[in-house]
Amino acid sequence: MSEQPARICILGGGFGGLYTALRLSQLPWEPLQKPEMVLVDQSDRFLFSPFLYELLTGELQTWEIAPPYEELLQNTGVRFCQGAVSGIDIDQRRVHLHDGPEISYDRLVLGLGGETPLDIVPGATSYAYPFRAIADAYRLEERLRLLEESDADKIRVAIVGAGYSGVELACKLADRLGERGRFRLIEVSDQILRTSPDFNREAATKALEARGVFIDLETKVESIAQDSISLEYKNQVDTIPVDLVIWTVGTRVSPVVRNLPVKQNQRGQISTTSTLQVHDHPEIFALGDLADCLDAEGQQVPATAQAAFQQADYAAWNIWASLTNRPLLPFHYQFLGEMMALGIDSATLTGLGVKLEGPLAYVARRLAYLYRLPTLDHKLKVGFNWLARPIIEALSE
Ligand SMILES: Cc1cc2nc3c(=O)[nH]c(=O)nc-3n(C[C@H](O)[C@H](O)[C@H](O)COP(=O)(O)OP(=O)(O)OC[C@H]3O[C@@H](n4cnc5c(N)ncnc54)[C@H](O)[C@@H]3O)c2cc1C
């Protein structure tokens with residue numbers, strides 16, 4: 001009697017999960033050892049989130065930044081299953097989906113990412129717009145279009161959080177709305193981009209100033225209503241009229257992850273070993289935003305796409321090693337730098353000994369991300385479109 005192949009179940013098709021699946025499919029499996037691989041995601045598309053802003057400015061289109069999994073996984077041997085994970089029974093090694101089949105596994109990859117917490121400030125759940133998923137971008141686009149079509153003289157936008165997302169959104173939307181836009185960027189700490197290299201922070205400060213974005217530092221959001229936001233600064237609360245509030249602050253893990261009986265940190269992230277395995281459950285690998293990982297040198301791995309992407313290589317390799325009786329490799333995180341879009345046609349980047357800002361940084365960021373897009377096929381399609389689009393637009397003028 002032949003043995004059943006092992007089943008690897010990958011939950012979440014983001015920077016951690018999708019790239020693990022793609023890498024697993026490229027590893028040198030013996031024909032008789034080749035496992036069954038299943039990728040589960042609630043959405044039918046992967047999202048390359050660093051390009052999400054470009055949907056709002058029309059610089060990029062959905063198919064470029066969010067290709068369907070079916071297309072990406074063609075000819076890889078990985079099966080895609082669209083469904084929302086509702087629970088994981090780690091004793092029985094089974095995954096439960098909402099309205100879907102149960103999936104049993106021999107190896108499990110947890111790559112479900114995080115959520116934007118809106119329920120920490122009164123009114124935010126009802127009135128603030130989060131910016132994380134493709135559906136968030138569509139909802140925001142709809143709101144912006146309504147405001148643009150209205151006869152209001154000015155469009156007043158408050159963006160909560162002056163981290164990367166807040167700063168990048170402020171610059172892109174200020175370019176989109178032009179003279180009509182009135183922007184406030186609200187930040188609880190005493191500076192924008194607290195964790196960024198100085199060069200990027202200074203470039204971003206200049207870009208925000210050039211666009212007239214007003215920055216409220218050391219300011220806390222007290223509450224949000226339909227057409228206003230209340231801000232606390234030095235113990236005094238001011239209520240300001242606004243047309244749109246965008247919330248970019250915080251990441252927390254989903255209840256499915258928080259409810260798992262495994263070691264977690266205070267924020268609910270799952271603690272892993274440096275080989276990306278969950279403590280006491282070597283058959284489970286966790287990576288990306290939901291994992292709390294110290295790498296082989298003991299450095300804390302940040303919750304970024306860059307880190308999840310690097311972890312994916314190790315997770316795939318270690319799963320392969322664990323199924324083929326080879327030693328596992330500890331993860332080494334390498335900080336490659338930081339890039340940020342600063343409006344249409346401008347960006348800043350610091351990394352690998354290079355510091356750049358302006359249009360050149362914009363092109364470098366585009367090319368670096370093109371290189372990071374999943375699958376050669378998709379990179380070629382998008383790259384060709386970037387070359388052909390200006391020519392087609394010029395010919396049709
Ligand atoms: C607007 C924006 C811009 C960003 N820009 C950058 C950047 O420039 N550089 C950088 O390094 N990082 C950036 N980040 C952060 C980066 O996107 C995350 O760190 C990265 O995506 C984490 O990867 P992940 O695999 O853990 O999660 P994700 O990429 O978020 O993937 C999680 C996947 O799980 C799926 N999922 C979630 N819950 C369920 C469920 N219950 N059932 C089924 N599927 C589920 C989701 O649909 C999603 O596809 C940005 C984030 C945002 C929101």
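Further up the page is the structure itself.
Let me begin by describing the structure that accompanies this report.

Thresholds, definitions, all that
Residues numbered from 1 in each chain as written. Predicted model: local features only at pLDDT ≥ 70, side-chain atom pairs only at ≥ 80, totals over all residues. Heavy atoms only, no water. Near = heavy atom within 4 Å. Areas by Shrake-Rupley, 256 points an atom, 1.4 Å probe, with all protein chains shown as cover. Nonpolar A, V, L, I, M, F, W, Y, C, P; charged D, E, K, R; others polar. Salt bridge = Lys/Arg side-chain N within 4 Å of Asp/Glu carboxyl O. Helix = DSSP H or I, 4+ residues; strand = E, 2+ residues; numbered from the N terminus. Buried < 20%, exposed > 50% of the residue type's maximum accessible area, 1.4 Å probe, protein only. Axes fitted to C-alpha atoms, helices over the stretch in contact; angles between N-to-C directions. Left-handed = near helix turned anticlockwise from the far one by under 90°. Contact = heavy atoms within 4.5 Å. 1 Å grid on protein atoms, 1.4 Å probe; cavity = no way out; pocket = protein on both sides within 12 Å on 5 of 7 lines; lining within 4 Å. Points joined across faces, edges and corners; volume = space filled by probe spheres on them. Phe/Tyr/Trp six-rings, centres within 6.5 Å; stacked < 30°, edge-to-face > 60°. Lys NZ or Arg CZ within 6 Å of the ring centre and 35° of its normal.

## Points about the site of the ligand
- Surrounding the ligand, one finds 28 residues, the nearest of these being G16, D41, S49, V85 and D289.
- Protein coverage of the free-state accessible area of the ligand, which is 990 Å², stands at 83%.
- Within the shell around the ligand, the residues separate by chemical class into 12 nonpolar, 13 polar and 3 charged.

## Some details on the pattern of salt bridges
- Using the criterion set out here, one finds 21 salt bridges in the structure.
- R23 is the partner of D313 in a salt bridge, and the nearest nitrogen-oxygen pair spans 3.0 Å. Taken together, the residues span a long stretch of sequence, with D313 in helix α10 (residues 305–323) and R23 in helix α1 (residues 17–26) at a distance of 290 residues.
- Accessibility expressed as a relative area gives 40% for D313, which makes it partly exposed.
- A residue is classified by how much of its surface remains accessible, and R23, at 27% relative accessible area, is partly exposed.
- Of the charged contacts in the structure, one is a salt bridge between E168 and R365, with a shortest N-O distance of 3.8 Å. One end of the pair, E168, is in helix α7 (residues 164–177); the other, R365, is in helix α11 (residues 359–372), and 197 residues separate them in sequence. Side by side, E168 and R365 carry an identical accessibility label, which is buried.

## With respect to the packing of α7 against helix α8 (residues 198–210)
- For the pair α7 and α8, the least separation of the axes is 10 Å and the interaxial angle reads 35°. You can see that α7 and α8 cross each other, and the crossing is left-handed. Contact residues: α7 offers V167, A170 and C171, while α8 offers A204, A207 and L208.
- Looking at side-chain class alone, the contact of α7 with α8 contains 6 nonpolar, no polar and no charged residues.

## Here we look at the layout of surface pockets
- Considering only enclosed or pocket space, the second largest pocket measures out at about 410 Å³ in volume.
- Broken down by secondary-structure element, the contributors of at least two residues to the lining of the second largest pocket are α1, α10, α11 and α12 (376–395).
- In terms of residues, the lining of the second largest pocket owes the most to one element, α1, which gives 5 residues.
- Among the residues forming the lining of the second largest pocket, the class breakdown is 8 nonpolar, 5 polar and 4 charged.

## Notes on the packing of aromatic side chains
- Scanning the model with the defined rule gives 13 aromatic pairs in all.
- Their ring planes at 75° and their centres at 5.8 Å tell us that Y19 and F46 sit as a pair that is edge-to-face. Of the two residues, Y19 sits in helix α1 while F46 sits in the loop between β2 (36–41) and α2 (53–56), which places them 27 residues apart along the sequence. One exposure class covers both Y19 and F46, and it is buried.
- One cation-aromatic arrangement involves R139 over Y129; the distance from NZ or CZ to the ring centre is 4.3 Å.
- The ring of W386 carries R366 above its face, with NZ or CZ at 4.6 Å from the centroid.

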